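# What the coordinates show
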Amino acid sequence: MITSKMLIDGRSVDSCSGKVSVIYNPANQEPVAKVSLGTRLDARLALEAARKAFPEWSGTQSHLRGEMIHRGAGLVRRNIDEISKLLTQEQGKPFKDAKREVLAAADVLDYYAEEGKRIFGDWLPSTSKGVRSLIIKQPIGVAALITPWNFPVDLLSWKVGAALAAGCTFVAKPPSLAPLAATAFLQVLNDAGFPAGTVNAVHGPGEDVGAELVENPISRKIAFTGETSTGRWIMEKAAAGIKRVSLELGGQSPFLVCEDADLDKAAAAASQRAFSNMGQICISVNRIYAAKTIAEDFADKLVSRAERLRVGDGMSPEVDLGPMFSQAQREKTEAHVADALEKGADLLCGGRRPKGKEFSKGYFYLPTVLSKVNHSMRVTREETFGPVAPIIKFESLDKAIDMSNDSEYGLAAYVFTSSLSTALTVAERLEAGGVGVNLNNVVEVQAPFGGWKQSGLGRELGHYGLEEYLEVKHIRLGL
Ligand code: NDP
């Protein structure tokens, strides 16, 4: 069995403690690999390496930084099968989805390799005679990048690309239960020839290794994706050092199907976004509000799609959905479905584990559609993070918008309609960082991604994402 090591100061290293942990496959609970289990000391060594590398990397011209990032993206593509296999085995998602994720990560690196050349400043007039103001932007320093298990490579690339392009060095901490693909991605990237200490990766528990990255004065920027409760804790701790923080947190995304929507398109989009990655997506469809007149037709179409999805081990090419990531995730989903049924929801399909020997050891669960759902149920209040599509009928669009906004989260929202006027009116009124109109995805590499309310702070992707790693300096000139 391979041991995935950490990357500190350009070298592949074991933990100072010598300890390892074992990563298991959620499809069959078989061991996949061992992982060096880092400590606070390892995190400190990685931060020191990143601090040492900062002058050289931040002083490198942006087009040369871009060339190296492009080279790294090329190496990621060349190693796509190896990285994707690790991703499927540790996380569960189908191999074709894992490949799509790794490819998307390489594309993000390529985008930032170019965007890093567009760190522009300003030249301003003054109210005083013979004075001008020059505004420049400079890399903030060492960044700590802390990421979750649902898209461990893609979500990491959003941070890595922007940090490197801005001229920051970094220490990444992948999720403890799925660190293999993320670490392989960083190792391959590092082979592009970055100065030693520019790219670092440490493993270990969030409350220990992650906390060190947040609390240690060397890190000047914390980029975090994960649960809202963890984000709140990180924000509190980062306050002690007045550090720049960007937080991509939980979601509870509404999906509005208006009377004039193309129902086949809407059902296909809802099915894909509610069930892919087993619903373990921050922008997953969590609440479907369907106009009363079309709700039943829409539900039939959604159920027929859900029932056609093939569940199984992600390494099998015929599979649409793998297992859930963990027993805890599956139990939470089961508890949310049970709560909805107790409070009066109807089960239209799924709602249980699949039967059969091939499913006996994995954390499998069938895609589930519920109707007669209301806002007293956990599926509408909390983040289920499971393959569940709850449907609520609405009589007026105003009411549907109010219900959509009745959530502490505000990450993504979706509206399906054939009226441009309805689309824009609804999109403007939805409280979310991204709104998909007749689309089920709000991720676009050039565009900002992030949440309103308790879904987060700051933006990733696009030029907005780059700004999160830059400081602004005013140079006042007496001519
Ligand atoms: P967690 O918040 O549990 O963990 C995320 C990362 O933070 C892990 O690397 C974890 O380490 C680390 N961590 C945990 N505690 C601390 C701490 N005290 N200090 C520093 N780091 C810590 O999230 P999950 O991994 O469970 O991910 C699922 C969540 O991520 C969902 O809520 C989902 O909505 C959200 N998410 C948000 C996205 C967005 O863009 N808004 C996108 C994708 C997911 P360890 O693994 O060791 O616990």
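Okay, so let's go over this structure. (Residues numbered from 1 in each chain as written. Predicted model: local features only at pLDDT ≥ 70, side-chain atom pairs only at ≥ 80, totals over all residues. Heavy atoms only, no water.)

### Thoughts on the packing of aromatic side chains
Applying the stated criterion to the full structure yields eight aromatic pairs. Pairing Tyr111 with Tyr112 gives two aromatic rings, centres 5.0 Å apart and planes at 70°, and the pair type is edge-to-face. Residues Tyr111 and Tyr112 agree in their burial class; the two are buried. An angle of 75° between the planes, with centres 5.1 Å apart, marks the rings of Phe359 and Phe364 as edge-to-face. (Phe/Tyr/Trp six-rings, centres within 6.5 Å; stacked < 30°, edge-to-face > 60°. Buried < 20%, exposed > 50% of the residue type's maximum accessible area, 1.4 Å probe, protein only.)

### Quick look at the sheet that holds strand E20 (residues 434–437)
The mixed open sheet is built from seven strands, whose spatial order is E15-E16-E17-E14-E13-E19-E20. Looking at which strands have only one partner, the edges of the open sheet turn out to be strand E15 (346–349) and E20. The sheet shows a mean angle of 25° between the axes of neighbouring strands, direction not considered. Here strand E14 (residues 285–291) pairs with strand E17 (residues 388–394) via four bridges, running parallel. If you follow Ala291 over to E17, its bridge partner there is Phe394. Relative to the sheet, helix H9 (residues 263–275) contacts strand E13 (253–257), E14, strand E16 (368–371), E17 and strand E19 (412–416), its axis offset from that of E13 by approximately 165°. Each of E13, E19 and E20 touches helix H14 (residues 420–429); the most contacted strand, E20, lies at about 165° to it. (Pairing = 2+ DSSP bridges. Helix = DSSP H or I, 4+ residues; strand = E, 2+ residues; numbered from the N terminus. Axes fitted to C-alpha atoms, helices over the stretch in contact; angles between N-to-C directions. Contact = heavy atoms within 4.5 Å.)

### Overview of the nonpolar core
Core analysis: the largest hydrophobic core is formed by 122 residues, its most contacted members being Phe170, Leu186, Phe255, Val257, Ile288 and Phe298. When residues of this core are sorted by domain, at least three fall in each of domain 1 (2–249 + 455–478) and domain 2 (253–444). Once residues lying within four places of it in the same chain are set aside, the contact partners of Phe298 are Phe255, Val257, Leu263, Ala266, Ala267, Ala270, Ile288, Ala290 and Ile391. Counting residues in each nonpolar core, the second largest holds 24 residues, with Val142, Val202, Val209 and Val214 among its members. (Core = buried A, V, L, I, M, F, W, Y, C linked by side-chain atoms within 4.5 Å. Domains from an automatic or database assignment.)

Fair warning: the whole summary comes from geometry, so function is off the table for now.
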